[in-house]
Amino acid sequence: GENVEQHPSTLSVQEGDSAVIKCTYSDSASNYFPWYKQELGKRPQLIIDIRSNVGEKKDQRIAVTLNKTAKHFSLHITETQPEDSAVYFCAATSDTGRRALTFGSGTRLQVQP
Amino acid sequence: ETGVTQTPRHLVMGMTNKKSLKCEQHLGHNAMYWYKQSAKKPLELMFVYNFKEQTENNSVPSRFSPECPNSSHLFLHLHTLQPEDSALYLCASSQDGHYNEQFFGPGTRLTVL
């Protein structure tokens, strides 16, 4: 099955700095990679996703990059703000066949004002 | 309330009790999921239902019994649980399959004494 590893487990940055969270996956058949944000005491919510037919996707201050050859993908947050503080989860799955969405172990991001 | 709702929000039960968790989605989705969230495994998939059919059982102990009477409702029946089953149980739904955005409910915080 799929195995997703996520690093770092915790990340502290100063407001305005950039934050990068990295994930690797094991199954070369995986082709859908969403990122979820979970604020303290709240439910996870999708913030961005990428499919394997593209290498990069941006949405305002967040971007995701995908390297299929190396089997890793990353979340980039620029100009971080205190409200970006949360736990971020990466995930991977395939749209061919019945493949569960496998989540990484999460990264706790703390943005210091 | 719109989106995905869960009841109860908090539950304390003894190891010999029988209780049920309820999830309801108002999004017209066809797939529903149960996840367990704990410090040990941040987002662990338990069960998947697609068009009311169970498509995944992620090696979950039989003391957890899911039920999906229709595409809008999902239950998790609990009996003879162990203290290590204490966790946040999250329900989610998606249009269909794993490769679409999953919308999570607020979760049920379960404590097993």
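Up top you'll find the structure we're talking about.
Rules and cut-offs
Residues numbered from 1 in each chain as written. Chains lettered and ligands numbered in written order. Predicted model: local features only at pLDDT ≥ 70, side-chain atom pairs only at ≥ 80, totals over all residues. Heavy atoms only, no water. Helix = DSSP H or I, 4+ residues; strand = E, 2+ residues; numbered from the N terminus. Rg over C-alpha atoms; globule rule 2.2 N^0.38 Å. Buried < 20%, exposed > 50% of the residue type's maximum accessible area, 1.4 Å probe, protein only. Areas by Shrake-Rupley, 256 points an atom, 1.4 Å probe, with all protein chains shown as cover. Lys, Arg positive; Asp, Glu negative; His and termini not counted. Charge placed at Lys NZ, Arg CZ, Asp CG, Glu CD. Pairing = 2+ DSSP bridges. Axes fitted to C-alpha atoms, helices over the stretch in contact; angles between N-to-C directions. Polar contact = N/O pair within 3.5 Å; in protein donor to acceptor, adjacent residues only side chain to side chain. Contact = heavy atoms within 4.5 Å.

(A) Highlighting the overall build of chain A. Summing up its helical and strand segments, chain A has zero helices and 11 strands in all. Starting at the N terminus and walking to the C terminus, you meet the elements of chain A as β-β-β-β-β-β-β-β-β-β-β. Relative to a compact globule of 113 residues, whose C-alpha radius of gyration would be 13 Å, chain A shows 14 Å and is just as compact. Counting across all 113 residues of chain A, residues that qualify as buried make up 46%. Here chain A has roughly 5,700 Å² of accessible surface; of this, 44% comes from carbon and sulfur atoms. Both charge centroids of chain A, one from 13 positive and one from 13 negative side chains, sit 6 Å from each other.

(B) Here's a closer look at the sheet that holds strand β7 (residues 64–70) of chain B. All names here are of chain B. With respect to topology, four strands assemble into an open sheet ordered β1-β3-β8-β7, the strand pairing being antiparallel. The outermost strands of the open sheet, each flanked by one partner alone, are β1 (4–7) and β7. Averaged over neighbouring strand pairs, the angle between their axes works out to 20° when direction is ignored. Where β7 lies against strand β8 (residues 73–79), five bridges are found, and the strand directions are antiparallel. Considered in β8, the bridge of asparagine 70 is made with histidine 73.

(C) Structural detail: the side chain of A:Ser30. All names here are of chain A. Inspection of the secondary structure puts serine 30 in the loop between β3 (19–25) and β4 (32–38). Only 2.4 Å separates the side chain of serine 30 from the side chain of glutamate 2, close enough to count as a polar contact. Those residues in contact with serine 30 that lie beyond four places of it in its chain are Glu2, Tyr25, Ala92, Thr93 and Ser94.

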